[in-house]
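Spelled out, the chains give:
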Amino acid sequence: NLMWTSAIVGTGVPIATGIAEALKRTTSGNLVSVMFGDGAIEEGCVLEALNISSVFKLPIVFVLEDNGLAIHTKKNVRSSIKNYCEIAKSFNIKNFSTSFKNPNSLYEEFQKAYQYCREKRLPAFITVECFRWLEHVGIGEDWELGYRNKMELEQWKRYDIIESPNVISIDKDF
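Residues numbered from 1 in each chain as written. Predicted model: local features only at pLDDT ≥ 70, side-chain atom pairs only at ≥ 80, totals over all residues. Heavy atoms only, no water.

J.: Mind laying out the side chain of R148, listing which residues take part and the relevant values?
T.: Residue placement: R148 occurs in the loop between β6 (124-129) and α6 (150-157). In terms of polar contacts, R148 uses its side chain to reach the backbone carbonyl oxygen of R132, at 2.4 Å. Side-chain polar atoms of R148 contact the backbone oxygen of L134, separated by 3.1 Å. Setting aside residues no more than four positions away along its own chain, R148 makes contact with L69, K74, F131, R132, W133, L134, E135, D142 and W143. (Helix = DSSP H or I, 4+ residues; strand = E, 2+ residues; numbered from the N terminus. Polar contact = N/O pair within 3.5 Å; in protein donor to acceptor, adjacent residues only side chain to side chain. Contact = heavy atoms within 4.5 Å.)

Structure, rendered in structure tokens:
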């Protein structure tokens, strides 16, 4: 049970991959989970980690938070890739896709990905569509910078389970 972070974009991914390799050698049920943003997927060390995890069949779940931004640059300006799951597919990694807009689906897709990784002892990749509510680093707002519109936030608030708890249906098994 280790949680840590690094300020250098994408560097947590190869470290998590190394931990997954160690777990493969020493345990039979543990796995690693690593989260990173869509800006990090474009880093070479992340692509290398995806490849190594597939080649060595490592128990790791890659969780990509896709808010469509790398700091202040929109996805369509910096990349021709429309769907990041295609990157995982190119490494023969089972992929899953979900959105914070549907909390029930979010829960179900995570369950599927972790079950797959535990049972098959293979890597899994989850792309999660999400939205950055505040500035890239810090607790302030950055609407005045002009790279995004506050109306986008208002649209995403409709899916927030705190502001709109009716967006999810909680049953006894949830």
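J.: So what's going on with the packing of aromatic side chains? Which residues, and what values?
T.: Throughout the structure, instances matching the rule amount to four aromatic pairs. When the ring of W156 is compared with that of Y159, the centres are 6.4 Å apart and the planes differ by 70°; the resulting orientation is edge-to-face. When its relative accessible area of 11% is taken as the criterion, W156 is described as buried. In this structure Y159 comes out as partly exposed when scored by relative accessible area, which is 24%. The structure contains a cluster of three or more aromatic residues connected by ring pairs, namely F131, W156 and Y159. Above the ring of Y116, the side-chain terminus of K94 is found at 6.0 Å from the ring centroid. Stacked on the ring of W143, the Lys or Arg R148 has its end atom at 4.2 Å from the ring centre. (Phe/Tyr/Trp six-rings, centres within 6.5 Å; stacked < 30°, edge-to-face > 60°. Buried < 20%, exposed > 50% of the residue type's maximum accessible area, 1.4 Å probe, protein only. Lys NZ or Arg CZ within 6 Å of the ring centre and 35° of its normal.)

J.: Describe helix α5 (residues 103-120), naming the residues involved and giving the relevant values.
T.: Each turn of an α-helix holds 3.6 residues, which means side chains three or four residues apart point in the same direction. Spanning 18 residues, α5 covers 26 Å between terminal C-alpha atoms, matching the ideal 26 Å at 1.5 Å per step. Considered for burial, the residues of α5 that qualify are P103, N104, S105, L106, E109, A113, Y114, Y116 and C117. Contacts from the buried residues of α5 go to β1 (32-37), β2 (60-66), β5 (94-99) and β6. One or two steps after α5, the chain reaches R121, where phi turns positive at roughly 60°. (Expected span 1.5 Å × (residues − 1).)

J.: Tell me about the state of the cysteines, and please be specific about residues and values.
T.: Throughout the structure, instances matching the rule amount to zero disulfides. Free cysteine: C45, not disulfide-bonded; nearest cysteine sulfur from C130 at 19 Å. For C45, a relative accessible area of 26% translates into the label partly exposed. With no disulfide of its own, C117 lies closest to C85 among cysteine sulfurs, the gap being 16 Å. When its relative accessible area of 0% is taken as the criterion, C117 is described as buried. (Disulfide = S-S within 2.5 Å.)

J.: Kindly report on a nonpolar patch on the surface, identifying the contributing residues and their values.
T.: On the surface, I52, V55 and F56 cluster together into a nonpolar patch covering about 250 Å² of accessible area. Given the relative accessible area of 42%, F56 is considered partly exposed. (Patch = residues over 30% accessible without salt bridge, like charges linked within 9 Å, V, L, I, M, F, W, Y side chains within 5 Å. Areas by Shrake-Rupley, 256 points an atom, 1.4 Å probe, with all protein chains shown as cover. Salt bridge = Lys/Arg side-chain N within 4 Å of Asp/Glu carboxyl O.)

J.: Please provide a residue-by-residue account of the nonpolar core, values included.
T.: In this structure, F36, I41, L50, I60, F62 and F125 are the most contacted members of the largest nonpolar core, which totals 22 residues. Contributing elements (two or more residues each) for this core: α1 (12-26), β1, α2 (44-55), β2 and α4 (85-90). When residues in this core are grouped by element, the largest group, four residues, is from α1. Discounting residues that sit within four places of it in the chain, L50 has contacts with I41, F62, I87, F91, I93 and F125. Listed in part, the twelve residues of the second largest apolar core include V61, V63, A113 and A124. (Core = buried A, V, L, I, M, F, W, Y, C linked by side-chain atoms within 4.5 Å.)

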